[in-house]
Structures are given as structure tokens and as C-alpha cells.
Amino acid sequence: MGKINIAIDGPAGAGKSTVAKAIANKLGIIHLDTGTMYRAAALAALRKGVSPLDEEAVAAMLPIDIDVQYKEGAQRVLLEGEDVTEAIREHAISQAASDISRIKQVRLMLAELQRKIAEKNDVVMDGRDIGTFVLPGADYKFYLTAAPEVRAKRRLNQLKEMDQNGDYEEILKSIIARDENDIKREFAPLKKAEDAILIDSTYMSVEEVVQTILSEIK
Ligand code: DC
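Residues numbered from 1 in each chain as written. Predicted model: local features only at pLDDT ≥ 70, side-chain atom pairs only at ≥ 80, totals over all residues. Heavy atoms only, no water.

Asker: Please clarify how the packing of aromatic side chains should be interpreted in this entry.
Answerer: Here the distance between the centres and the angle between the planes together describe a pair of aromatic rings. By the definition in use, this model includes one aromatic pair. Look at F133 and F187: their rings are 5.2 Å apart centre to centre, the planes differ by 75 degrees, and that puts the pair in the edge-to-face class. Of this pair, F133 sits in helix α6 (residues 130–134) while F187 sits in the loop between α8 (168–184) and β8 (197–200), and the two are 54 residues apart along the sequence. Take F133: its relative accessible area is 22%, and that puts it in the partly exposed class. (Phe/Tyr/Trp six-rings, centres within 6.5 Å; stacked < 30°, edge-to-face > 60°. Helix = DSSP H or I, 4+ residues; strand = E, 2+ residues; numbered from the N terminus. Buried < 20%, exposed > 50% of the residue type's maximum accessible area, 1.4 Å probe, protein only.)

Shown next as C-alpha cells:
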């Protein structure tokens, strides 16, 4: 029996991870946030003083020892055995992850890891290229998006909940810059798979998005 693979792609701040986690919980399967792996790769480069834009220097670092584990059902990401799940959430890592994700060798390395996880597990995987490149044969594919202004507002609220400050204009600018970077890269760019179901969550709550997806999954 093949494993159930559910792909959720979309731009930064569309709520993919929140939604994917809820779906995985409801279905009793694992959730893999593939953005964490690009973030760990970016952290590895920054720690070594390598620019995430320097293709040659990054390629020389490969393979990077990145692994994913589950603790009480929650995904943790390990870099050279160290749990970096919290460290990769720093703001500076977001752009660095987007930059390093342009490098084909990095994408190939991480896609292989992601496919191995999908072969062995029922999984809800979220990212940018899951439905188009990593798991083109996924059982279910969704493309989750929302207006950039709404995505920026949601990020700002998330920061407030964590007692952190953020500037709306700054966040909006960085979301738009990251969209550009992710859409325009040459290899496996952010793109809706032709057979993915489009969900625009601009005017939807998380619960409504989760219900919409669950109603598609039989
Ligand atoms: O989902 P996120 O914001 O944590 O992802 C960080 C960056 O990683 C994102 O800007 C682009 C890259 N990424 C990617 O290229 N492909 C994926 N499947 C997931 C993330």
C-alpha cells in the first residue's frame, strides 16, 4: 500500500504550516514543514560565514547534515545533530532561506530527503514546490494563498502574540521581496501545480481553510 501524501504549497505567510499541522492532527499523520529545512541550510551557511547567494561556496558545503525528528507529534529540525527548531525562526533567516533555496544543488538534496520521508510515512507536506516537483504524484494538492497585505497583518499578529514588535510596512516589504525571489527562481519555483486546488484565504479563517481541505480528502 502506498502512503497518503498531501501537498500544500503557497507563498510566505499564507498560513500553510498552521493549516498543515491542523490537517495532520485531524488525520493522525505527520506534518513536514519543508521551509524548516531551507532555513536550517541557511543557518548552516551563515554560521560558516558563507553567503547564501554564493552558489559555489554553498555547493562546497554540501551535503549539509539536516534531519527531521518528531517529538510528541511535533516536528523538530536538526542541523548536525543540534535541534535548531527555534533558532531558524529569526527574521534574518527568512531572507537567507529564500536566497539559498535558489541553488539547485540545495533543492535536489532537500527534495531527496523529503521524498524519503513521504515514501515511509503518511504526510502533509508544506512548501513551495511540493505539488510541482517534490511529490508530483501526491494524492491531494492544494495551493494556499492570500493578499500580501493580509499575510503581513497575520505575521504582525503572530509577532505580537510572542510579545515581539514588528513594523507593518517592513513586514509587507519583506513578504513581497520573498514572493518575488521564490516565484522568479529558475529551478522549481513557487508555482501552483495545474492539478492543485486553489484556496485564497484572504477572507477565510484558519478553521474555514482546514474544513475546506478536509472536505476534499476522502
Ligand atoms: O515556508 P518558509 O517561509 O519557512 O520558507 C523559507 C524559505 O524557504 C522560502 O522563502 C523559500 C524556501 N522554500 C523553498 O524554496 N521550497 C520549499 N519547499 C520550502 C521553502
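Asker: How should the sheet that holds strand β1 (residues 5–9) be read in this particular structure?
Answerer: Paired through backbone hydrogen bonds, the strands of a sheet run either parallel or antiparallel to each other. Ordered by their spatial adjacency, five strands build an open sheet running β2-β6-β1-β7-β8, and the pairing between neighbours is parallel. A strand with exactly one partner marks an edge of an open sheet, and here the two such strands are β2 (30–33) and β8. Averaged over all pairs of adjacent strands, the angle between strand axes in this sheet comes to 20 degrees, irrespective of strand direction. (Pairing = 2+ DSSP bridges. Axes fitted to C-alpha atoms, helices over the stretch in contact; angles between N-to-C directions.)

Asker: Explain the site of the ligand here, please?
Answerer: Near the ligand you find 15 residues, and of these R39, R107, D129, R178 and D182 are the closest. Side-chain polar atom of R178 to an oxygen atom of the ligand: 2.8 Å apart, as the coordinates give it. The side chain of R185 places a nitrogen or oxygen atom 3.0 Å from an oxygen atom of the ligand. Protein chains shield 97% of the accessible area of the ligand, which is 450 Å² for the free molecule. Among the elements of the structure, α2 (35–47), α4 (91–100) and α8 are those that each provide at least two residues to the shell around the ligand. At three residues, the largest contribution of residues to the shell around the ligand is made by α2. (Near = heavy atom within 4 Å. Polar contact = N/O pair within 3.5 Å; in protein donor to acceptor, adjacent residues only side chain to side chain. Areas by Shrake-Rupley, 256 points an atom, 1.4 Å probe, with all protein chains shown as cover.)

Asker: Can you walk me through α2 in this structure?
Answerer: Given 3.6 residues to a turn, an α-helix orients residues that are three or four positions apart in the same direction. Taking 1.5 Å per residue, 13 residues should reach 18 Å; α2 reaches 18 Å between its end C-alpha atoms and fits that length. Burial runs high along α2: eleven of the 13 residues are buried. For α2, the set of buried residues is G35, T36, M37, Y38, R39, A40, A41, A42, L43, A44 and A45. The first or second residue beyond α2 is G49, which carries a positive phi of 75 degrees. (Expected span 1.5 Å × (residues − 1).)

Asker: Help me out: how do you make sense of the layout of surface pockets in this one?
Answerer: Sizing a probe to match a water molecule and rolling it over the atoms shows the empty space that remains. By volume, the second largest pocket amounts to about 160 Å³. Lining the second largest pocket are P52, L53, E55, D99, R102, I103, K104, R185, E186 and F187. When its residues are assigned to classes, the lining of the second largest pocket shows four nonpolar, no polar and six charged. (1 Å grid on protein atoms, 1.4 Å probe; cavity = no way out; pocket = protein on both sides within 12 Å on 5 of 7 lines; lining within 4 Å. Points joined across faces, edges and corners; volume = space filled by probe spheres on them. Nonpolar A, V, L, I, M, F, W, Y, C, P; charged D, E, K, R; others polar.)

Asker: How do you make sense of the pattern of salt bridges when you look at a structure like this?
Answerer: Any two side chains of opposite charge can pair, given that their charged atoms come close. Summed over all chains, the structure comprises 13 salt bridges. Note that D83 is salt-bridged to R76, the shortest N-O span being 2.9 Å. A single salt-bridge network, built from bridges that share partners, covers R76, D83 and E86. (Salt bridge = Lys/Arg side-chain N within 4 Å of Asp/Glu carboxyl O.)

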